[in-house]
Amino acid sequence: ILKKDLLIKEVNNNAIAYLNNQFPIEVSISANDCINSSSNLSLTCEGKTLYSSIININQKNFFKTISIMLLADKPGAMHIVANLSPISGEFSNANNRKDIFIDVIDGREKILLAYQTTHPDIGAIKECIQSNQNYEVNALSLPEIKLSDLNLYSAVILYQIPGKNSNSKDLISAIKKLQIPIWC
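Note that the coordinates shown come from a computational prediction; the quantities given were computed from them, not determined experimentally.

A closer look at the sheet that holds strand 3 (residues 22-32)
Part 1: Sheet architecture is open: three strands sit in the order 1-3-6, paired in antiparallel fashion. Since the sheet does not close on itself, it has two edges, and those belong to strand 1 (5-13) and strand 6 (61-71), each with one partner. Pairs of neighbouring strands in the sheet enclose a mean axial angle of 20°, with direction left out of account.
Part 2: In terms of strand pairing, strand 3 meets strand 6 through 11 bridges, oriented antiparallel. When the bridges of strand 6 are listed, Ser28 appears paired with Thr65.

Comments concerning the nonpolar core
Part 1: Grouped together as the largest cluster of nonpolar side chains are 29 residues, with contacts concentrated most on Ile25 and Ile80.
Part 2: Counting residues per element, the ones that place at least two in this core are strand 1, strand 3, strand 4 (37-45), strand 5 (48-57), strand 6, strand 7 (76-84) and strand 8 (97-105).
Part 3: Tallying contributions element by element places strand 3 first for this core, with five residues.
Part 4: By size, the runner-up hydrophobic cluster in this structure holds 14 residues, among which are Leu142, Val156, Ile172 and Ile175.

What counts, and at which threshold
Residues numbered from 1 in each chain as written. Predicted model: local features only at pLDDT ≥ 70, side-chain atom pairs only at ≥ 80, totals over all residues. Heavy atoms only, no water. Pairing = 2+ DSSP bridges. Helix = DSSP H or I, 4+ residues; strand = E, 2+ residues; numbered from the N terminus. Axes fitted to C-alpha atoms, helices over the stretch in contact; angles between N-to-C directions. Core = buried A, V, L, I, M, F, W, Y, C linked by side-chain atoms within 4.5 Å. Buried < 20%, exposed > 50% of the residue type's maximum accessible area, 1.4 Å probe, protein only.

Written out as structure tokens, the structure reads:
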């Protein structure tokens, strides 16, 4: 015999989301013998409500899947709580809650834009590349570049390097040794 009960039957989500991107969560809700009742579905993270919606139960054996898009707005572990407000006379409230864990990764590619002397093109190149949120560009002159930091970059753009007045041999050798893609 089925008892009066509302529950979060299942939650589907990705384990990983990328910073500043939206990610989906699907919440499947089931209700037995709760016709003409309503409940509030909420998703919260660190006390902040990310999503809220009233669920109207219009059948004796009710089932509904809700698709929700959320924003990954800071890197690190994200603990989201999906919760249904209880219905009067419900058999159990314990199944009205599910914990969701998502790892938010800052997946931006870092690019070094190395140059000899300042030029208006440097700013234009940097701005153009960074218009894509998946790229971060560090524009540095030859003297500012630390060879020990090259491993932080997934690509290097050499602007007017090598040049007549530059000693860029060490930089180019280090980039080649680390097998970082170069664009000249």
